[in-house]
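# Secondary and tertiary structure notes
Read off the chains here:
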Amino acid sequence: MARMKFLCDSERCIECNACVTACKNEHEVPWGINRRRVVTINDGTPGERSISMACMHCTDAPCAAVCPVDCFYTTADGVVLHSKDLCIGCGYCFYACPFGAPQYPQLGNFGSRGKMDKCTFCSGGPEDDVTPAEYEKYGANRLAEGKLPLCAEMCSTKALLAGDGDIIASIYKERVVTRGYGTGAWGWSVAYKDASAA
Amino acid sequence: MLIKRSAAPRPSASRSRIADAFASVAGAPVDRRSFLRRSGLAAGGLAAVGTLSLTTVRKAEAGPTIPGVPTEIRKNVCTHCSVGCTVTAEVQNGVWTGQEPSFTSPINIGTHCAKGASVRELVHGDRRLKYPMKLEGGEWKRIGWDQAIDEIGSKLTAIRDASGPDSVFLLGSAKFTNEAAYLFRKFAAFWGTNTVDHQARICHSTTVAGVANTWGYGAMTNSYNDINNSKAIMIMGGNPAEAHPVSLQHVLRGKEVNRAQMIVVDPRFTRTAAHATEYVRLRPGSDIPLIWGMLWHIFENGWEDKEYIRQRVYGMDEIRKEVGKWAPAEVERVTGVPGEQVRRIAEIMAKNKPSTLIWCMGITQHTVGTANVRALSILQLALGNIGVAGGGANIFRGHTNVQGATDLGLDVTTLPAYYGLAEGAWKHFARAWEVDYEYLLNRFGKADMPRDAKKKLMEAKGIPTTRWFDGVLNEAKDVDQPDLIRGMVVFGHGGNTVTRMPEVKTGIEKLELLVVADPHPTTFAALSDRRDGTYLLPICTNFETAGSRTASNRSLQWGEQVVKPIFESKDDYEVLYLLSRRLGFADQMFKNIKVDGVHPEPEDILREINRSCWSIGYTGQSPERLKLHMKHQADFDKITLLGREGSPVAGDYYGLPWPCWGTPELKHPGTHVLYDTSKHVMKGGGAFRARFGVERNGESLLADGSYSAGSEIEDGYPEFTYGMLKKLGWDSDLTAEELAVIQRVGGASPDGVSWTTDLSGGIQRVALLHGCSPMGNAKARAVAWNLPDPIPVHREPIYTSRPDLVAQYPTRDDSRDFRVLNIGRTVQTKAVEQKLADKFPILLTSGRLVEYEGGGEETRSNKWLAELQQDMFVEVNVDDARRLGVRDGGMVWVYGPENGAKARMKALVTARVGKGVAFMPFHFAGFWQGADQRGNYPKGTDPIVLGESVNTLTTYGYDPATFMQETKVTLCRIEAA
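Residues numbered from 1 in each chain as written. Chains lettered and ligands numbered in written order. Predicted model: local features only at pLDDT ≥ 70, side-chain atom pairs only at ≥ 80, totals over all residues. Heavy atoms only, no water.

### Brief notes about the overall build of chain B
- Within chain B, the secondary structure is distributed over 37 helices and 34 strands.
- The globule rule puts the C-alpha radius of gyration for 977 residues at 30 Å, and the 27 Å found for chain B is close to it.
- Taking all 977 residues of chain B together, the buried fraction comes to 69%.
- Carbon and sulfur atoms provide 51% of the accessible area of chain B, an area that totals close to 29200 Å².
- Between the averaged position of the 116 positive side-chain charges in chain B and that of its 111 negative side-chain charges there is a distance of 4 Å. (Helix = DSSP H or I, 4+ residues; strand = E, 2+ residues; numbered from the N terminus. Rg over C-alpha atoms; globule rule 2.2 N^0.38 Å. Buried < 20%, exposed > 50% of the residue type's maximum accessible area, 1.4 Å probe, protein only. Areas by Shrake-Rupley, 256 points an atom, 1.4 Å probe, with all protein chains shown as cover. Lys, Arg positive; Asp, Glu negative; His and termini not counted. Charge placed at Lys NZ, Arg CZ, Asp CG, Glu CD.)

Below, the structure is given as structure tokens:
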């Protein structure tokens, strides 16, 4: 059975931010909220690497473990989604998440948080698939349309892969064998526990 | 916990959601291969994937925004660089509602960068100019199109009557389609001036001049896709990871699949350098010494391709002498690159062939730009890398159609297709346009001037965009035309793109008429303290009009109109028609172009290009063939770009990369790799162009024993003329119709009619029939005797950080060209005498960011992009920052050595730049020497992000061959603010 995963090949990522704007464009994510972002380490020195980061849709997701209103759920495809109707914007998930994925719109002048927003793996929320209600709260539902997350589909160097974990792992493995360097899919051991293979 | 799907009835409990989705949407379960493809497998086994079809999936695609409304798919081309990424737009009810990956495009294979992934925002247009406007008493006032065209027409006519047509500066755009670029050049010809320029002047004019003078054509020799075949890749003076991100897909795949070494030469450790196997940091402006240093090792060790040089290169021995002066110690002294590293990169490039050389603005934007380009070209010739798949000079250009706009003559030195400005060129176009030569001649100069004086202006180079303000501000005696520039018409061009901006600002203020035709008001409208006489015409974006664009690899791609022009905007075609009608020459100009009401049809403009632009093979790319290619993108191989056997595009190269010889009916496939002798000319083969005669100082300039596959002449030969066909006895292959055209063109001397002037295409057809290249088969020129420096020599920048080297390597003497003065030597001497390098101790260079493009008005108005780069900044080296007391993220004042210039911005303290070097991105405007100019924009059209322009600080310095500006080396002083 398909289990959806993200994989960012840091040997390929050039910090072009296509994933960021593709996501914004597809879901009309407002200014200030970033479901996906690109992080550069060792900026400007040899060893510089960039990694595109978003919700990794963890196995046994820590955000779900700490949520006081239990708004998270995992789909049959292994995608971690949440209900904005249940979310109270408490921010616990932000502290639990190893990837900094949860985002909150600022509601008032005193920094009160709105309902949490994060990457949905382009698969909407609890509402019926591909409906205006779903779109308004969670953005597009590409999975229901037979498509994969747009960030990965548009990645300029095909650094960011998204899809069935087994398939993207095999693509990545083939790539690593071909080039003979650059193993280690960033974040996999944290997100997917048993995914040491890639 | 909620489990969304468990609550709903499921077709099969064992099937996962994704499989369900495919099944329900596409009507049939998706096969594994299609699914793999969407997962990004294309990255791994590219060639195999190219043949797969996605039809089962694509059929049912619908945008998410308006469920239930039918979606139309329209394809256009991304506007933000020259890679030529296909943009697949989803349109519902005439509104662009979604953008999907273009997996079938052989060029981008589904991908985009930050700009390409957010182009839909351009057409939402929150910050666009919505209707024509006029500046009156310092206030922006809304006017109608009729009034705008009428008033502009009157003012242009008044300037023309008093001062002649050369007093209006026409600035075109690399954002034009090919058809609009051609139309704009034609407009200038009918208006009566050669002062018509565009962005190529300030990006790759030196490349065009440099490579065209070396081997014939001013363009990338291979393609982005072809880099997949390279065994070594050297990128010099370019940061494609930010400027051409999608190209990195091909570069990195080449690097991975071939285990190719990737060398990046740049003063900054760029995002591209982060992926290099070898990073070389050189002192900005010392490119020629580095290349000569590499060649020193190549010649010393006999690594050059001796047979290739013997057969196909003229003058390499003279290069050898110059290179002899650049022994490792001197190279290290001048460039700062360790000697051992120079040897190593020379060896990598020489021993891992085919090796490709990629360059961009870091090479071209210098006072020695043309010489830089020539040095790099000579390196590739010495290694035998030109005309070879996987090799080549892969010159990455900057805009969607900067190659096409250059090809079609938005250049002060030539008519379309590089015909030049001589009488023969004008006569060719007079015939092609079916207008009287005397009519065109009489459009030039002031009405009462004698014929000779008009003819002289008609054949004189115009004033380039780097110098237009000198044409406004100089004394009349220093400008070689009837009067100074008094009016300016700008289509699609930023106002912060040229150096010496304080003088640009004064120039704008002195203009009597300024017309800005653009989707945005641009810096031109907001920079100055003008109060009257500025007109803003809202032009739609590329996506709201149709036409072809030429990507960097010379492929033409037809873009469909995605949506109708929004607000009151119009496309370039219509505005040019309206202007020419108001000025009274529309009937002549559009004699053979179909005009639908007031809208010229782009297909018909392309047909006229096909009928006239023989010299670069823009003749075979009919609109029908280009549209067929867009429709059958999936049938092209993703590396060779060749159409699949059995498909409607079998045997064609994608986009019919020019030269695509002969008429469309001849079905020439286009040329993927220029000068490739391993192929038959009818399969895209060729040889170096015989452009510079057949002999020089007793030595033949024609190829020696080298010829393209299947050529009936098994040696070098000159370019084809009717006379040559007769000598070869091939004239009998011409049809009666072709012969009639040749005789009509030739008049009394038909023998002189050549492959470039024969309007029938017969001479090209017959040459190809015999396996010969119409443009001849010559040697490339290592020595280009017609250029200011026939052999490239190192010359220090005008404002150099190494004044100790100026005596030995001075810039060229002052000169007068392009109707104005070039006093570079005077400025350099003064800078050394005044010890400016002590007062301004930091070398300032500039470049591009991935989020923005060019002057940045369009991209800084795009909210998705603006969010990612909210501040203008200067990169300061860690050691310098410590010494200057500059904090990371703190504000600094940066001072320049000319015009008392200063600019205030954030400091980014980083080891990315070397000690003593600072870097600024060039996309910002809207702050002027510390002052916010947001109020100068018409309400609601101000870009989201404003910042200081680097060009406030950049200084004097022009390449002698093209008047390219020096943007990469100047001096500055940085102080914490």
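### Looking at the pairing of strand S3 (residues 95-100) of chain B
Residues and elements named next belong to chain B.
- By the criterion of burial, S3 is predominantly enclosed, with five of the six residues buried.
- Relative to S3, strand S2 (residues 86-92) runs antiparallel, the two sharing five bridges. Its bridge partner lying in S3, Ala89 is registered against Gln99. (Pairing = 2+ DSSP bridges.)

### Some words on the sheet that holds strand S6 (residues 168-171) of chain B
All names here are of chain B.
- What the seven strands build is an open sheet, ordered S5-S4-S16-S15-S14-S6-S7; its pairing is mixed. Both edges of this open sheet fall to strand S5 (139-142) and strand S7 (196-197), since each of them pairs with a single strand only.
- One ladder, built from five bridges, connects strand S14 (residues 487-491) with strand S15 (residues 513-518); its direction is parallel. Residue pairing for S15: Met488 is matched across the bridge by Leu514.
- Of the strands in this sheet, S6, S7 and S14 touch helix H8 (residues 178-191), which is tilted by about 165 degrees from S6. (Contact = heavy atoms within 4.5 Å. Axes fitted to C-alpha atoms, helices over the stretch in contact; angles between N-to-C directions.)

### Let's talk about helix H22 (residues 451-458) of chain B
All names here are of chain B.
- Within the sequence span of H22, burial applies to Lys454, Lys455, Leu457 and Met458. Projected down its long axis, H22 carries its buried residues within an arc of 160 degrees, all on one side. Every exposed residue of H22 that faces more than 90 degrees away from the buried side is listed here: Asp452 and Lys456.
- Against the buried residues of H22 lie helix H20 (423-433) and helix H21 (437-443). (Arc of directions from axis to C-beta.)

### A closer look at the packing of aromatic side chains
- Scanning the model with the defined rule gives 38 aromatic pairs over all chains in all.
- Here the aromatic rings of Phe818 of chain B and Phe963 of chain B are separated by 4.7 Å at their centres, their planes lie at 40 degrees, and the arrangement is tilted. Of the two residues, Phe818 of chain B sits in the loop between strand S24 (815-817) and strand S25 (820-822) while Phe963 of chain B sits in the loop between strand S33 (947-948) and strand S34 (970-976), which places them 145 residues apart along the sequence. Here the two residues Phe818 of chain B and Phe963 of chain B agree in accessibility, since each one is buried.
- An aromatic cluster is built from Phe176, Phe184, Phe187, Phe190, Tyr419, Phe429, Trp433, Tyr439, Phe491 and Phe585 of chain B, whose rings are joined through pairwise contacts.
- A cation over an aromatic ring shows up here: Arg36 of chain A above the ring of Phe6 of chain A, its NZ or CZ 4.5 Å from the ring centre.
- Taking the ring centre of Tyr104 of chain A as reference, the NZ or CZ of Arg113 of chain A above it sits at 5.4 Å. (Phe/Tyr/Trp six-rings, centres within 6.5 Å; stacked < 30°, edge-to-face > 60°. Lys NZ or Arg CZ within 6 Å of the ring centre and 35° of its normal.)

### Details of the packing of helix H28 (residues 602-612) of chain B against helix H29 (residues 623-631) of chain B
Residue and element names in this part refer to chain B.
- At a closest axis distance of 9 Å, the pairing of H28 and H29 adopts a crossing angle of 115 degrees. Counted together, Glu603, Leu606, Arg607 and Asn610 of H28 and Pro623, Glu624, Leu626 and Lys627 of H29 form the full contact between these two elements.
- Taken together, the residues of the contact of H28 with H29 sort by class into three nonpolar, one polar and four charged. (Nonpolar A, V, L, I, M, F, W, Y, C, P; charged D, E, K, R; others polar.)

### Topic: the packing of helix H12 (residues 287-300) of chain B against helix H15 (residues 328-335) of chain B
Residue and element names in this part refer to chain B.
- Orientation of H12 relative to H15, taken along the N-to-C sense of each, is 160 degrees, at an axis distance of 9 Å. Taken together, the axes of H12 and H15 are roughly antiparallel relative to one another. The handedness of the crossing between H12 and H15 comes out as left-handed. Two secondary-structure elements touch here, H12 through Pro289, Leu290, Gly293, Trp296 and His297 and H15 through Pro328, Val331, Val334 and Thr335.
- In terms of residue class, the contact of H12 with H15 is made up of six nonpolar, three polar and no charged. (Parallel < 35°, antiparallel > 145°, perpendicular 65-115°, else oblique. Left-handed = near helix turned anticlockwise from the far one by under 90°.)

### Here we look at the environment of Val820 of chain B
Residues and elements named next belong to chain B.
- Residue placement: Val820 occurs in strand S25.
- In sequence terms Val820 and Ile798 are 22 residues apart; their C-alpha atoms lie 18 Å from each other.
- Those residues in contact with Val820, other than ones at most four positions away along the chain, are Arg467, Asp478, Ser815 and Phe963.

### A word on the sheet that holds strand S1 (residues 72-77) of chain B
Residue and element names in this part refer to chain B.
- The strand order across the open sheet built from three strands is S1-S2-S3, with neighbouring strands paired in antiparallel fashion. Among the strands making up the open sheet, the edge pair consists of S1 and S3. Within this sheet the neighbouring strands show an average axis-to-axis angle of 40 degrees, counted without direction.

### Quick look at unusual backbone geometry
- Here the residue pair Lys353 of chain B and Pro354 of chain B is connected by a cis peptide bond, since its omega of 0 degrees sits within 30 degrees of zero.
- With respect to the helices, strands and loops of the structure, Pro354 of chain B is situated in the loop between helix H16 (339-351) and strand S12 (355-359).
- A cis amide bond links Trp658 of chain B to the next residue, Pro659 of chain B, at an omega of 0 degrees.
- In this structure, Asn42 of chain A takes a positive phi of about 50 degrees despite not being glycine.
- On the secondary structure map, Asn42 of chain A appears in the loop between strand S2 (36-41) and strand S3 (49-54).
- On the accessibility criterion, Asn42 of chain A (45% relative accessible area) is partly exposed.
- A positive phi is found at Gln929 of chain B, a non-glycine position, where the angle reads about 50 degrees.
- Within the secondary structure layout, Gln929 of chain B lies in the loop between strand S31 (926-928) and strand S32 (931-932).

### Observations regarding the pairing of strand S29 (residues 902-909) of chain B
All names here are of chain B.
- Across four bridges, the pairing between strand S27 (residues 873-876) and S29 is parallel. Each residue of the ladder has a partner; that of Val876, found in S29, is Val909.
- Bridge count between strand S28 (residues 891-895) and S29: five bridges; the pairing is antiparallel. Paired with Val894 across the strands is Ala903, a residue of S29.

### Overview of helix H14 (residues 316-324) of chain B
All names here are of chain B.
- For H14, the full list of buried residues reads Met316, Ile319, Glu322 and Val323. Summarising the axial view, the buried residues of H14 lie within an arc of 110 degrees, below the 170-degree limit, and thus occupy one face. Exposed and oriented more than 90 degrees from the buried face of H14 are Asp317 and Lys321.
- Next to the buried residues of H14 lie H12, helix H13 (306-312), strand S11 (313-314) and helix H18 (369-382).

### What to know about the side chain of Ser123 of chain A
- Turning to its location among the elements, Ser123 of chain A is positioned in the loop between helix H3 (92-96) and helix H4 (132-138).
- A polar contact is formed between the side chain of Ser123 of chain A and the backbone oxygen of Thr120 of chain A, at a distance of 2.6 Å. (Polar contact = N/O pair within 3.5 Å; in protein donor to acceptor, adjacent residues only side chain to side chain.)

### Re the pattern of salt bridges
- Within the structure shown, the criterion is met by 83 salt bridges over all chains.
- Among the salt bridges present, the one from Glu136 of chain B reaches Lys134 of chain B, with a minimum N-O distance of 3.0 Å.
- Of the charged contacts, one joins Glu136 of chain B and Lys141 of chain B as a salt bridge, the two residues approaching to 3.3 Å between their closest N and O atoms.
- Taken together, the shared-partner salt bridges connect Glu15, Asp43 and Glu48 of chain A together with Arg268, Arg271, Glu875 and Arg912 of chain B into one network. (Salt bridge = Lys/Arg side-chain N within 4 Å of Asp/Glu carboxyl O.)

### What about the side chain of Arg486 of chain B?
Residue and element names in this part refer to chain B.
- Within the secondary structure layout, Arg486 lies in the loop between helix H23 (468-473) and S14.
- Note on Arg486: relative accessible area 19%, which makes it buried.
- If we ignore the near neighbours within four places in the chain, the residues touching Arg486 are Ile159, Ala162, Ser163, Ser167, Leu511, Glu512 and Leu513.

### Quick look at the state of the cysteines
- If you walk through the whole model with that rule in mind, you get zero disulfides over all chains.
- In this structure Cys78 of chain B is not part of a disulfide, and its nearest cysteine sulfur, from Cys85 of chain B, lies 5.9 Å away. (Disulfide = S-S within 2.5 Å.)

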